[in-house]
Amino acid sequence: MVKWVYTFGAGKAEGSSDMRDLLGGKGAGLAEMANLGLPVPPGFTITTEVCTYFYENERRFPPQLAADVETALGFIGRLTGKAFGDNEAPLLLSVRSGARASMPGMMDTVLNLGLNDVTVRALAQNSGDERFAYDSYRRFIQMYSSVVLGIGHHHFEDAVEYHKEARGVTFDTELGAEDWEKLIVAFKAKVVEASGKPFPQAPKEQLWGAIAAVFGSWLTPRAITYRRIHGIPANWGTAVNVQAMVFGNMGPTSATGVAFTRNPSTGAKELYGEFLLNAQGEDVVAGIRTPNAITEASRCAAGSDQPSMETALPAVFAEFVRATELLERHYRDMQDVEFTVENGKLWMLQTRTGKRTSVAALRVAVDMTHEGLIARDEAIARVDPASLDQLLHPAIDPVATRKVIATGLPASPGAASGEIAFTADEAEQMKNMGRKVILVRIETSPDDIHGMHAAEGVLTTRGGMTSHAAVVARGMGKPCVTGAAAIRVDYANATMSAAGVTFKRGDMLTLDGATGEVIQGAIEMSQPELSGEFAILMKWADEVRRMQVRANAETPPDARAARKFGADGIGLCRTEHMFFETDRLTAVRQMILADDLAGRRAALAKLLPMQRGDFIELFEIMGGLPVTIRLLDPPLHEFLPQTAAEIDEVAEALGVPAEKICSRLADLREVNPMLGFRGSRLAIAFPEIAEMQARAIFEAAVEVKRRTGELVRPEIMTPLIIAKPEFDLIKAKVDAIARTVAEETGQAVPYTVGTMVETPRASLRAGEIAESAAFLSFGTNDLTQTCMALSRDDASSFLGRYVALGILPADPFVTIDQDGVGELVAIGVERSRAARPGIKLGICGEHGGDPATIAFCEKLGLDYVSCSPFRVPIARLAAAQATLRRKASNTD
């Protein structure tokens, strides 16, 4: 018989941490904490297999589940001395989600379940605190109505705000039992008005409604968006965790909080978190109230006058510290924990691997290695390569003038400038228009996930360091400032006010997530400085990885960035990018407009010293590392003016009739230029172009050898080859120029000639091409276009839909399509190596910086990947991880 329910409590559990797929992350963590003897409220987990059944059977539950849940409720009752539905000693429950992968705030939770008009009086009598009881009941009505009945949370919050105004008070804690009783009447009336039915009073009806709602939240738009952003499969499903309620809102010795065993922003080994006295957990994570620091050190650092948990509840704090230290040692990773204190008694509600910034991920991995908790290989595997992107972009220039309008909490590091957007939909729309956005909210909710993803940074006026905005922004690697209470946001008029200034939608703001400062306007940024932990981890990764990581670079700044980020050379130098500067563009246009070979050679003679100078600088910067130079690739019409005004201007500058330019444009016009007169076809039709470029390369290599003594070994690459005879013709021209330059200078330059494989035919004929080519570089951008009949410039209008529907696993221009394009690469690899054992093979283009594609390249045994300079560290780490996975699979 299938086991649908697993219990935990009183120092034991039916599950454990290695049952994450079945129990979800939260359920597995609760079971493990119980097994470790930590104080965990008793409860049970309904497995992810029930979620699968639920969706496969029209949202119905397995027949046996009701009996299993009844048995589990009896288990909780025996441990607590209470009974679910009992009118005198009612067992109250929390119902929470718990997916295999952490999805903070994305799915639903219901607290205080089991309260009704009768049991609330029993709770008041048993606790001796009417205010606490009715506060708990109104919270339950709010949460259940929102999560299960679909009635907007704001209806209830508005009622609370109006009541506080009428009473002349500011905080919820200033309302008494009578106030909450009146509001409960109003809340229940709102439920009848919105749903046409009274609020459910039967505890079992409440429970099954909550369980169904939590399973249902797996397919809410916000959860789907979060899974898409973070690559979480939709078929994993969620578990449901049902526990006995423990209350942090029972008075001054009760509290609730969230903490990390290390600082999730910096990685420092210090307890980092927040708590609220006399509150429930949702108050902290939802950002409704700004919480207090857990430790005295963090309170002092924040300049807060509110008591820390360390001073307010010293005995509980000491017990909590011991629990967090035990959990970190046990899991050998930074933990994110939730807890409640009920009348001085500590209860642990959750532990999971904590989300962290890339800076923190590096420091935690390196520090834990030095502490002996993990090995080097595990440290390498721990850091998400894509997260390094956070480190590689500018921060606010320290000498820049800042017009600070407010200061909040530095919830997620980094800096960003953008236009103000007040809603998630606005942010997404503005992003799609190519505008950079700062999302400004009073507080974020899980429904804002798509806007947070679109924004450069997030600003909230409420909330703390562990609020929804903070946790999600850190996970996304975006700067975030929370709790900026000096800012007033007016959604109705789409404005925000601070420091006597009113800002409207579209105005510019800058956020400094490291300091919490909110700055008026855009501000200058400075280049990143990489931490010592970055260098250490990259060194470890380089010692492990098999593949080289090269950079796509053709300008001196790009080449310097490539060296700075640890590239093993240049894998793609696009020479056409060197032709678009004004003086060069004039010569290129003269070459295109020339009437004969002599005219073309005269124009190319002007370009030769410019190209030679370009290559000299590149070779000197790269200091003997390999440089792969691609001969001219794009169609010639791209270098000519297009509009009438541009044509007249160029005609005057070149001293030729405008009609001549128009005639040449007409000659070069193509229906589909990507598949037209470009690449090696240019070198076949106009060999003098390739000859000039080859001469510039060889003369530059000779000059660098003369200047520095460094022997340069250029790799010359022909683009868009479809047949061996085509390649042989171009290679012969290059070889002839090499001999000529050697005779003229007295120095022979060691070089190789290879080609890009960008068409299905080139992949299929790779064996023949490899007989002549010294190396093959798979140009997977164009190979994807030609294989899949997709235009990279036009496919964005429908590719998102294809991915959402599961037609494609990912955008094939971001992650290589392994089943189609990948098979062509695999065929090319196999056939080229059969023809020329030891041939150098790699890929170039943006796929070379994608971790999933890099893993595929490792599987094929490619020699190198090449990507943009700023993705080189990502590729280095991903290549090391791919090597470790391959070695692990070979030993299984």
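Up top is the structure.
Cut-offs and rules
- Residues numbered from 1 in each chain as written.
- Predicted model: local features only at pLDDT ≥ 70, side-chain atom pairs only at ≥ 80, totals over all residues.
- Heavy atoms only, no water.
- Helix = DSSP H or I, 4+ residues; strand = E, 2+ residues; numbered from the N terminus.
- Axes fitted to C-alpha atoms, helices over the stretch in contact; angles between N-to-C directions.
- Parallel < 35°, antiparallel > 145°, perpendicular 65-115°, else oblique.
- Left-handed = near helix turned anticlockwise from the far one by under 90°.
- Contact = heavy atoms within 4.5 Å.
- Buried < 20%, exposed > 50% of the residue type's maximum accessible area, 1.4 Å probe, protein only.
- Expected span 1.5 Å × (residues − 1).
- Patch = residues over 30% accessible without salt bridge, like charges linked within 9 Å, V, L, I, M, F, W, Y side chains within 5 Å.
- Areas by Shrake-Rupley, 256 points an atom, 1.4 Å probe, with all protein chains shown as cover.
- Salt bridge = Lys/Arg side-chain N within 4 Å of Asp/Glu carboxyl O.
- Lys, Arg positive; Asp, Glu negative; His and termini not counted.
- Charge placed at Lys NZ, Arg CZ, Asp CG, Glu CD.
- Pairing = 2+ DSSP bridges.
- Right-handed = clockwise from strand over helix to strand, strands pointing away.
- Arc of directions from axis to C-beta.
- Phe/Tyr/Trp six-rings, centres within 6.5 Å; stacked < 30°, edge-to-face > 60°.
- Core = buried A, V, L, I, M, F, W, Y, C linked by side-chain atoms within 4.5 Å.

1. Quick word on the environment of Leu391
Now for step 1: Here Leu391 shows up in the loop between helix 15 (376–382) and strand 12 (395–396).
Now for step 2: Between the C-alpha atom of Leu391 and that of Gly128, which follows or precedes it by 263 residues, the distance is 54 Å.

2. Digging into the packing of helix 30 (residues 780–788) against helix 32 (residues 821–835)
Now for step 1: The geometry of helix 30 relative to helix 32 is characterised by a closest axis approach of 9 Å and an angle of 115° between their N-to-C directions. Considered as vectors, helix 30 and helix 32 are oriented roughly perpendicular to each other. Regarding helix 30 and helix 32, the two cross each other, and that crossing is right-handed. Residue-level contacts link Thr780, Leu783, Thr784, Cys787 and Met788 of helix 30 to Val821, Leu824 and Val825 of helix 32.

3. Some remarks on the environment of Leu597
Now for step 1: Mapped onto the fold, Leu597 is located in helix 22 (residues 597–622).
Now for step 2: We classify Leu597 as partly exposed; its relative accessible area is 38%.
Now for step 3: Along the sequence, Leu597 and Phe686 sit 89 residues apart, while their C-alpha atoms lie 8.6 Å from each other.

4. Let's talk about helix 6 (residues 153–167)
Now for step 1: Taking 1.5 Å of rise per residue, 15 residues should cover 21 Å, and helix 6 covers 22 Å from first to last C-alpha, within 8% of that figure.
Now for step 2: As for helix 6, its buried residues are in contact with helix 5 (130–147) and helix 7 (177–195).
Now for step 3: Directly after helix 6, the chain includes Gly168, whose backbone phi takes a positive value near 75°.

5. A word on a negative patch on the surface
Now for step 1: On the surface, a cluster of negative charge is made up of Glu646, Asp648, Glu649, Glu652 and Glu659.
Now for step 2: Sort the elements by how many residues they give to the negative patch and helix 23 (residues 644–654) lands first, with 4 residues.
Now for step 3: Structurally, the position occupied by Asp648 is in helix 23.

6. Notes on unusual backbone geometry
The phi torsion of most residues other than glycine is negative, and most of the peptide bonds are trans.
Now for step 1: In this structure, Asn343 takes a positive phi of about 50° despite not being glycine.
Now for step 2: Structurally, Asn343 is set in the loop between strand 10 (335–342) and strand 11 (345–353).
Now for step 3: For Asn343, a relative accessible area of 45% corresponds to the partly exposed category.
Now for step 4: You will see that Ala789, though not glycine, has its phi angle at about 55°, which is positive.
Now for step 5: In this fold, Ala789 is placed in the loop between helix 30 and helix 31 (796–804).
Now for step 6: The class for Ala789 is exposed, based on a relative accessible area of 72%.

7. Examining the pairing of strand 16 (residues 437–441)
Now for step 1: Within strand 16, 5 of the 5 residues are buried, which leaves it mostly tucked inside the rest of the structure.
Now for step 2: Bridge count for strand 15 (residues 415–421) against strand 16 is 3 bridges, and the pairing is parallel. When the bridges of strand 16 are listed, Glu419 appears paired with Val437.
Now for step 3: In this fold, strand 15 hands off to helix 16 (residues 424–432), which returns the chain to strand 16; that crossover is right-handed.
Now for step 4: The sheet contact formed by strand 16 and strand 17 (residues 457–460) spans 4 bridges and is parallel. Bridge pairing in strand 17 links Ile438 to Gly457.

8. Some remarks on the sheet that holds strand 4 (residues 93–99)
Either a parallel or an antiparallel arrangement is found when strands of a sheet pair, and the pairing is made through backbone hydrogen bonds.
Now for step 1: Reading across the sheet, the 6 strands line up as 2-1-3-6-4-5 and stay open at both edges, with antiparallel pairing between neighbours. The outermost strands of the open sheet, each flanked by one partner alone, are strand 2 (12–13) and strand 5 (109–113).
Now for step 2: Here strand 4 pairs with strand 5 via 3 bridges, running antiparallel. Looking at the pairing, Leu93 lines up with Leu113 of strand 5.
Now for step 3: Across the face of the sheet, helix 3 (residues 65–80) comes into contact with strand 1 (5–9), strand 3 (43–46), strand 4 and strand 6 (238–244) while running at roughly 5° to strand 1.

9. Focus on helix 2 (residues 48–56)
Now for step 1: Taken residue by residue, helix 2 has Thr48, Val50, Cys51 and Phe54 as its buried positions. For helix 2, the buried positions fall inside an angular range of 150° around the axis, keeping them on one side.
Now for step 2: Its buried side turned inward, helix 2 meets helix 1 (20–35), strand 3, helix 3, helix 8 (203–216) and strand 6.
Now for step 3: In the segment just after helix 2, Glu58 is the residue with positive phi, at about 55°.

10. Some details on the packing of aromatic side chains
Now for step 1: All chains considered together, the criterion is met by 18 aromatic pairs.
Now for step 2: Aromatic pair Phe156 and Phe187: ring centres 5.0 Å apart, planes at 75°, arrangement edge-to-face. Of this pair, Phe156 sits in helix 6 while Phe187 sits in helix 7; the two residues are 31 residues apart in sequence, bridging distant segments of the chain.
Now for step 3: For Phe156, a relative accessible area of 0% corresponds to the buried category.

11. Quick word on the sheet that holds strand 32 (residues 864–867)
Now for step 1: A barrel is described by the order of its strands in space; here 8 strands give the closed sequence 25-26-27-28-29-30-31-32, paired in parallel fashion. Each adjacent strand pair in this sheet contributes to an overall mean axis angle of 25°, direction not counted.
Now for step 2: Two strands pair when backbone bridges link them, and strand 27 (residues 627–630) and strand 28 (residues 715–718) are joined in this way by 3 bridges, in the parallel orientation. Pairing of Ile629 across the sheet is with Ile716, part of strand 28.

12. Section: the pairing of strand 23 (residues 517–520)
Now for step 1: In the sheet, strand 13 (residues 404–407) pairs with strand 23 via 3 bridges, with the strands oriented antiparallel. By the bridge assignment for strand 23, Val404 is matched with Ile519.
Now for step 2: The turn linking strand 22 (residues 508–512) back onto strand 23 is made up of 4 residues, and Gly516 within it adopts a positive phi angle of 85°.

13. Here we look at the nonpolar core
Now for step 1: Grouped together as the largest cluster of nonpolar side chains are 120 residues, with contacts concentrated most on Leu388, Leu537, Phe615, Phe619 and Phe698.
Now for step 2: Sort the elements by how many residues they give to this core and helix 26 (residues 687–708) lands first, with 11 residues.
Now for step 3: Setting aside residues up to four positions removed in sequence, Phe698 forms contacts with Ile716, Val734, Ile737, Ala738, Val741, Val749 and Tyr751.
Now for step 4: Judged by nonpolar contacts, the second largest core, of 58 residues, contains Ile141, Met143, Phe156 and Val169.

14. Focus: the pattern of salt bridges
Now for step 1: Applying the stated rule across the entire model yields 61 salt bridges.
Now for step 2: Two residues, Lys164 and Asp172, come together in a salt bridge whose shortest N-O distance is 2.7 Å.
Now for step 3: With a closest N to O distance of 3.8 Å, Lys269 and Glu371 form a salt bridge. Of this pair, Lys269 sits in the loop between strand 7 (255–260) and strand 8 (272–277) while Glu371 sits in the loop between helix 14 (358–370) and helix 15; the two residues are 102 residues apart in sequence, bridging distant segments of the chain.
Now for step 4: Under the relative-accessibility criterion, Lys269 is labelled exposed at 57%.
Now for step 5: Salt bridges sharing common partners tie together Arg131, Asp135, Arg138, Arg139, Glu161, Lys164 and Asp172.

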